[in-house]
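Understanding the architecture of this molecule
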Amino acid sequence: MNNLSNSPKANGFRMPGEHEPHAGIWMAWPDRADNWRNGAKPAQEAFIKVAMAISKTTPVTMIVNESQYQNARHRLPSDIKVVEMSADDSWMRDIGPSYVTDGKERVGIDWEFNAWGGLVDGLYYPWNKDDEVAAKICEILGDRSCRAPLILEGGSIHTDGEGTLYTTEECLLHPSRNPDLTKEEIEHQLKEHLGLEKIIWLPSGLYNDETNGHVDNILHVVKPGEVVITWCNDEFDPQYEISRKAYDALCTETDAKGRNIVVHKLPMPGPLFITEEEANGIDASNGMERTPGERLAASYANFLITNNQIVYPLLDAKYDEEARHILSELFPGYEVTGVKAREILLGGGNIHCITQQIPKI
């Protein structure tokens, strides 16, 4: 694709919505002791449970650093493929390829990755292994890849498959991403690489989200013209105003097809905070805030849609069942599977963040 004179859009490619059929899901095995407590063993158990849930409907491939290969292969079920591949951490949504397709071929868009902020406010250094993952996955799958001249993470965008992309100004316009590009230039790159007609900008992502406000932690696309967002009813909570501004931005926009956007609401879990015991199990780090009492960016919107199944995080006994009920209503006929996900949340994200879908052609 890189040797073509025209962009993916000009060649008839588009990014499918997550609700469209998947050939597989890729994940990355956690092992960073400065992000995952107790040598990442509790997080590994959570990743295993997520992989097993997904594998009921979609084949799963787990990439694993060389030092953890035998451990991962032993602990994962045999139907989950394990591939040795170097990575700096385990956020496959952000380091994996964002696929586009023309209906006959799929191509992986390989974004530049700088660990959510590079030397400005990135979470770790170096990040070169993570930055190489997308191209390696495409190589393994026999797909062409296209390196995009844009620092971007997959969790910072959501598409509907019909020309509309949702994102946040907080993330994509942050000085630690593409400070030399204007908003219009960023829009142009997204449209040309993902086959888009319209970008819908929310002001901000979830409160205290260390990714600078990824859209996948506050919003998910249900289907074209329909989204669900994290909602907060406590007017004294900082999330209260953020959610309302997101709601207003969505309700005053139309999508690429001219549709008014239907907005559903998911309750906000918690608020949840890192306990002293949890913080004490994490190695000290320069980039990541893992101290007792630190607020966690917890959200039920951080779920995965895959092949008539929803895999969503169980985060708060007070709201878990309500979230399941709403998701069941939004996705009739889908299997809705909850997985205990606090250990993933402690690392800074959730189920959507640790997965990346490969579209079926």
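Residues numbered from 1 in each chain as written. Predicted model: local features only at pLDDT ≥ 70, side-chain atom pairs only at ≥ 80, totals over all residues. Heavy atoms only, no water.

1. Focus on the environment of Gly-287
Along the chain, Gly-287 falls in the loop between α10 (276-280) and β13 (304-306). Given a relative accessible area of 30%, Gly-287 falls into the partly exposed group. Distance in space between the C-alpha atoms of Gly-287 and Ala-28 is 20 Å, their sequence separation being 259 residues. When near neighbours in sequence (up to four residues on either side) are disregarded, Gly-287 contacts Gly-122 and Leu-123. (Helix = DSSP H or I, 4+ residues; strand = E, 2+ residues; numbered from the N terminus. Buried < 20%, exposed > 50% of the residue type's maximum accessible area, 1.4 Å probe, protein only. Contact = heavy atoms within 4.5 Å.)

2. Quick look at the nonpolar core
Residues Met-27, Leu-76, Leu-266, Phe-303 and Ile-344 are the most contacted members of the largest nonpolar core, which totals 72 residues. Ranked by the residues each element gives to this core, the list is headed by helix α1 (residues 41-54), at eight residues. If we skip the residues at most four places from it in the chain, Phe-303 touches Glu-18, His-220, Val-228, Leu-266, Ile-310, Val-311, Tyr-312, Pro-313, Leu-327, Phe-331 and His-352. The next biggest cluster of nonpolar side chains, apart from the first, holds 20 residues, and it includes Phe-13, Ile-109, Trp-111 and Leu-165. (Core = buried A, V, L, I, M, F, W, Y, C linked by side-chain atoms within 4.5 Å.)

3. Observations concerning the pairing of strand β10 (residues 219-223)
For β10, a buried count of four out of five residues is recorded, marking the element as mostly surrounded by other parts of the structure. Hairpin connection of β10 to strand β11 (residues 226-231): two residues between the antiparallel strands, including Gly-225 at a positive phi of 85 degrees. (Pairing = 2+ DSSP bridges.)

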